[in-house]
Amino acid sequence: MKANRKNNFYGDNKAQVGIGTLIIFIAMVLVAAVAAAVLIQTSGTLQQKAQSTGKQATQEVSSNLMIKSIEGVRAKDSATSMAGDISLLKLKVGLNVGSSAVDVNQVVISITDGTTTNNLIYASNDKTYGNAMSNFSTSASAATNLLYLLNQTQSSPGVNAKYYFTVDKIRDEDGSFSQGKPVMNTGDLATFYVSTVSGGATSYDYIGTTSVDGTQKDSGLDIGPRTAVDIVITPESGATTIANFVTPSSYGTKETVILYP
């Protein structure tokens, strides 16, 4: 019997299979954890970028200046002796509903009469052309700075009227607007002054209520009757504002002419 007895040895490999399964399971958990961490980080980054893009898009759409009206003023010596062209544009400007604050110091006004184009910056801006407008003072009145716009020049960049504009506030309930820091908020209203003195109108004594005594400088623009004028106002951020108009066929005896709308 013993001779015929067979000793059978069975290999017990269940434990090895269990350990292999455990290793694979742990590896899957680690891979899933890494993937989850990457997804969470990526989604967080995308969320931040989406919020930033949405904020910028909203600002670009809602933040813009609105031109309420444009008046043209002719230089004069008297009520019967006036220039044949417009010597000063008065743009009444406000903000669109829901607009963010606009720093006028960073606004650029491009104006063309079809022949000449002037790119104008605010008088206290000393970055774009390397100098602020000559004789401009943050402590001076808007009327004084307007006079300097009309009759002053400097070696660089040149005639003030060709490179700068000035502003005077009409409504500023929160006191955010000054000659040195012209910030417009919703509800504010201001007048933007753009010199358009032509070469033939530099000898008159008055432009509006401003006494220039024949010292005004040629702006290079010539806004006579039947002239197509294009104005583009570009803020630091937000949509551009465009005003296109054709001057009347005759100014008649009017010193102030409504040009837009």
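Higher on the page you've got the structure.
Trainee: Can you help me understand the nonpolar core in this one?
Mentor: Among soluble globular proteins, nonpolar side chains are generally buried collectively. In this structure, Leu 89, Leu 91, Phe 165, Phe 192 and Ile 231 are the most contacted members of the largest nonpolar core, which totals 50 residues. At five residues, the largest contribution of residues to this core is made by strand E4 (residues 88-95). Filtering out sequence-adjacent residues up to four positions away, Ile 231 remains in contact with Ile 70, Leu 89, Leu 91, Ile 109, Ser 110, Ile 111, Thr 241, Ile 242, Ala 243, Asn 244 and Phe 245.

Trainee: Even after reading the chapter, I still don't get the pairing of strand E6 (residues 108-112), so can you show me in this structure?
Mentor: On a regular strand, each side chain points to the face opposite its neighbour's, so the side chains alternate between the two faces of the sheet. Bridge count between E6 and strand E7 (residues 117-122): five bridges; the pairing is antiparallel. Following the sheet pairing, Ser 110 is matched in E7 by Asn 119. The hairpin turn running from E6 into E7, its antiparallel successor, is four residues long, and Gly 114 in that turn takes a positive phi close to 95°. Two elements, E6 and strand E13 (residues 228-234), share five bridges in a ladder whose sense is antiparallel. In the sheet register, Ile 111 faces E13, and the bridge partner there is Ile 231.

Trainee: Would you take a moment to explain the packing of aromatic side chains for this structure?
Mentor: Aromatic rings considered in pairs are described by the distance between their centres and by the relative angle of their planes. The final tally for this structure, using the stated rule, is five aromatic pairs. Relative to Phe 192, the ring of Phe 165 lies with its centre 5.5 Å away and its plane at 10°, an arrangement referred to as stacked. Remark: Phe 192 occurs in strand E10 (residues 189-195) and Phe 165 occurs in strand E8 (residues 164-171); sequence separation between them is 27 residues. In terms of burial, Phe 165 and Phe 192 fall into one category: buried. Ring-pair connections join several aromatic residues into one group, and the members of that group are Tyr 122, Phe 136, Phe 165 and Phe 192.

Trainee: Whenever I open this one, the side chain of Asp 113 confuses me. Can you help?
Mentor: Looking at the element boundaries, Asp 113 is found in the loop between E6 and E7. The charged side chain of Asp 113 is buried without a salt bridge, its nearest counter-charge being Lys 162 at 11 Å. Within the structure, Asp 113 has its side chain in polar contact with the backbone nitrogen of Thr 116 (distance 2.7 Å). Polar side-chain contacts of Asp 113 include one of 2.8 Å to the backbone nitrogen of Asp 222. Every residue in contact with Asp 113, bar those within four places of it in the chain, is listed here: Gly 220, Leu 221, Asp 222, Thr 227 and Ala 228.

Trainee: Please explain the pairing of E4 as it appears in this structure.
Mentor: For E4, the buried fraction is high: six of the eight residues fall into the buried class. Where strand E1 (residues 65-73) meets E4, eight bridges bridge the pair, whose relative direction is antiparallel. Bridge pairing in E4 links Val 73 to Leu 88. Relative to E10, E4 runs antiparallel, the two being bridged by seven bridges. From the neighbouring strand, Lys 92 faces E10, where its bridge partner is Thr 191.

Trainee: Any chance you could explain the pattern of salt bridges here in plain terms?
Mentor: When the charged atoms of two side chains with opposite charge come close together, those side chains can pair. Scanning the model with the defined rule gives one salt bridge in all. When the shortest N-O distance is used, the salt bridge between Lys 76 and Glu 255 registers 3.1 Å. Residue Lys 76 is found in strand E2 (residues 75-78), and its partner Glu 255 is found in the loop between strand E14 (241-246) and strand E15 (256-260); the two are separated by 179 residues along the sequence.

Trainee: How do you make sense of the sheet that holds E10 when you look at a structure like this?
Mentor: Sheet strands pair by backbone hydrogen bonding; their relative direction is either parallel or antiparallel. Read across the sheet, nine strands follow the order E14-E13-E6-E7-E8-E10-E4-E1-E15 without closing on themselves; strand pairing throughout is mixed. Since the sheet does not close on itself, it has two edges, and those belong to E14 and E15, each with one partner. Between one strand and the next, the sheet's axes are offset by a mean angle of 25°, whatever the strand orientation. Sitting on the sheet, helix H2 (residues 142-151) touches E4, E8 and E10, and the angle it makes with E8 is about 155°.

Trainee: What am I meant to see in the sheet that holds strand E3 (residues 81-82) here?
Mentor: Reading across from one edge, E3-E2-E11-E12 is the order of the four strands in this open sheet, with antiparallel pairing throughout. With one partner strand each, in any of the chains shown, E3 and strand E12 (210-211) form the two edges of the open sheet. Relative to E12, strand E11 (residues 206-207) runs antiparallel, the two sharing two bridges. Each bridged residue has a counterpart across the sheet, and for Ile 207 the counterpart in E12 is Thr 210.

Conventions used here
- Residues numbered from 1 in each chain as written.
- Predicted model: local features only at pLDDT ≥ 70, side-chain atom pairs only at ≥ 80, totals over all residues.
- Heavy atoms only, no water.
- Core = buried A, V, L, I, M, F, W, Y, C linked by side-chain atoms within 4.5 Å.
- Buried < 20%, exposed > 50% of the residue type's maximum accessible area, 1.4 Å probe, protein only.
- Helix = DSSP H or I, 4+ residues; strand = E, 2+ residues; numbered from the N terminus.
- Contact = heavy atoms within 4.5 Å.
- Pairing = 2+ DSSP bridges.
- Phe/Tyr/Trp six-rings, centres within 6.5 Å; stacked < 30°, edge-to-face > 60°.
- Lys, Arg positive; Asp, Glu negative; His and termini not counted.
- Salt bridge = Lys/Arg side-chain N within 4 Å of Asp/Glu carboxyl O.
- Polar contact = N/O pair within 3.5 Å; in protein donor to acceptor, adjacent residues only side chain to side chain.
- Axes fitted to C-alpha atoms, helices over the stretch in contact; angles between N-to-C directions.

Coordinates in, geometry out; function isn't part of it.
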